[in-house]
Amino acid sequence: MAGFALAVIAAAHGAAADDRPNIVLIMADDLGYGDISPFDGWIETPNLEALAEQGVRFTDFHTSGNVCSPTRAGLLTGRYQQRAGLPGVLFANAARPEHRHGLQDVEDTFAERLHEAGYATALFGKWHLGYLPRFNPVRHGFGRFRGFVSGNIDYVSHIDTTGRADWWVDDELQAEEGYFTELATDHAVRFIDENRTRPFLLYLAHHAPHYPFQGPSDPAERSVGGEFNPQGARPDKREAYREMVQSMDVGIGRVVAALETNGLRERTLIWFFSDNGAASQWGSNGPLRGSKGTDWEGGHRVPAIASWPGQIGADSVSHAVASTLDVMPTILSLAGIAPNAERPFDGIDLTPMLLDGEPLPSRQLFWGGDGVFWNGAAVRDGPWKLVIDRYRDSPGRPMLFNLDDDLGETTDLATQHHGRAKQLFAALSRWRDDVARGATPQ
């Protein structure tokens with residue numbers, strides 16, 4: 001398998017461009033570790049099950065943030081979002097200063113690098129990395145964009161939480177009818193059909209199952225300037241949640257079918273994951289403690305599947321610690337694109353593990369909270385995890401857990417392993433200083 005990957009990389013440097021692999025990244029929004037059936041969840045998702053049967057399930061895969069915007073900044077750049085000056089969620093409220101923040105031009109995204117290398121690039125779905133036109137996805141390497149720039153919209157009317165229309169065709173605000181999940185899938189399938197003869201990057205950033213809780217058959221609830229319940233008026237929200245996830249699963253099946261119809265499935269890496277853990281009682285984080293907005297496992301350990309028939313072992317499981325920070329280094333490696341030495345990655349290239357089953361090097365991962373939902377921090381080193389509440393201003397008591405023995409983070413071992421707790425706290429402090437040093441100003 002490694003031989004094929006090396007051939008792909010060699011082709012990227014001199015042979016026909018269409019020999020390089022296509023990349024399809026699919027991100028769910030607020031999907032919990034215990035939600036979908038490939039992870040023994042409560043919602044039947046047959047297309048995700050089929051994807052897992054054709055690839056690898058990650059049991060220890062993490063997002064770099066515990067809410068939407070930070071994770072997306074880390075994903076797009078392969079670097080901790082704090083370096084991009086985006087440690088927290090960007091709210092739609094124009095009165096908040098974060099409304100004027102976004103992913104700055106100086107940041108290097110995987111879309112830019114792949115576009116420069118001849119890939120067709122597109123984002124269909126949620127952006128949430130800046131509301132102003134200068135932050136639009138088409139300014140960051142995406143040749144096409146259909147979707148919304150805020151944190152959430154009505155699935156039918158495409159109105160955000162402030163009562164403003166939020167549906168964009170590239171960098172122009174333009175209305176388009178359709179249930180969000182189905183509409184984004186339609187555009188994704190069309191993009192695959194139109195680019196079947198050249199390598200492409202498709203980033204399908206789903207809205208499901210983020211509120212408002214609306215299934216495919218539900219009516220629009222939000223209107224421009226109107227009054228509405230941001231969570232949605234439907235009383236059976238858990239059932240709506242199920243319908244939203246299953247609609248996404250149907251869409252994923254359509255994307256896979258489009259690849260198969262065009263003879264592209266064995267030339268395409270599909271990578272599915274969530275942007276953080278489940279946010280509410282309607283979803284499930286399984287055995288994990290905490291939820292979206294916290295640095296407990298339930299906030300950032302998410303379901304993830306990578307599938308590439310003939311290259312990634314079928315129906316396999318990886319227990320290696322991996323992160324959304326690793327996505328950019330990995331896909332650039334597969335495309336034969338060298339890293340930018342001026343903006344070194346915090347993530348690592350997972351290609352040796354994905355293609356040959358090689359173990360990953362030991363490393364530490366950090367979470368810094370977003371300062372709105374959670375003012376804590378955490379560091380992971382092997383099975384050990386240090387969690388601190390109220391870290392930013394006046395650090396609280398460090399808590400230490402061994403995740404191999406205590407996945408639910410129930411037993412604090414900081415007293416018994418004081419030396420290890422002290423070492424991890426020092427590492428967290430060094431990391432905090434490092435990401436702040438030279439961070440992109442907003």
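This report concerns the structure included in the present document.

What counts and how
Residues numbered from 1 in each chain as written. Predicted model: local features only at pLDDT ≥ 70, side-chain atom pairs only at ≥ 80, totals over all residues. Heavy atoms only, no water. Core = buried A, V, L, I, M, F, W, Y, C linked by side-chain atoms within 4.5 Å. Buried < 20%, exposed > 50% of the residue type's maximum accessible area, 1.4 Å probe, protein only. Helix = DSSP H or I, 4+ residues; strand = E, 2+ residues; numbered from the N terminus. Contact = heavy atoms within 4.5 Å. Pairing = 2+ DSSP bridges.

## Overview of the nonpolar core
And then number 1: Core analysis: the largest hydrophobic core is formed by 52 residues, its most contacted members being Leu25, Phe58, Phe110, Phe142, Tyr203, Leu269 and Trp271.
And then number 2: In terms of residues, this core owes the most to one element, helix α8 (residues 327-334), which gives 5 residues.
And then number 3: Apart from residues no more than four positions distant in its own chain, Phe110 is found in contact with Leu25, Leu75, Leu76, Phe142, Leu201, Met328, Ile331 and Leu332.
And then number 4: Core analysis: the next-biggest nonpolar cluster, separate from the first, contains 47 residues, Ile26, Ala28, Trp167 and Ala208 among them.

## Focus: the environment of Pro339
And then number 1: With respect to the helices and strands, Pro339 occurs in the loop between α8 and α9 (351-356).
And then number 2: Not counting chain neighbours up to four residues away, the residues in contact with Pro339 comprise Arg113 and Phe345.

## Quick look at the pairing of strand β2 (residues 55-58)
And then number 1: Of the pairings in the sheet, the one linking β2 to strand β10 (residues 304-307) comprises 4 bridges and is antiparallel in character. Within the sheet, the bridge partner assigned to Val56 lies in β10 and is Ala306.
And then number 2: Where β2 meets strand β11 (residues 316-318), 3 bridges bridge the pair, whose relative direction is parallel. The partner of Val56 across the bridge, within β11, is Ser316.

## Structural notes on unusual backbone geometry
And then number 1: The omega angle of the peptide bond from Ala208 to Pro209 is -5°, so this bond is cis rather than trans.
And then number 2: Along the chain, Pro209 turns up in the loop between β8 (200-205) and α6 (237-261).
And then number 3: In the segment running from Tyr211 into Pro212, the intervening peptide bond is cis, with an omega of 5°.
And then number 4: Here Pro212 is to be found in the loop between β8 and α6.
And then number 5: Although it is not a glycine, Asp170 adopts a positive phi angle of roughly 60°.
And then number 6: Along the chain, Asp170 turns up in the loop between β6 (168-169) and β7 (172-173).

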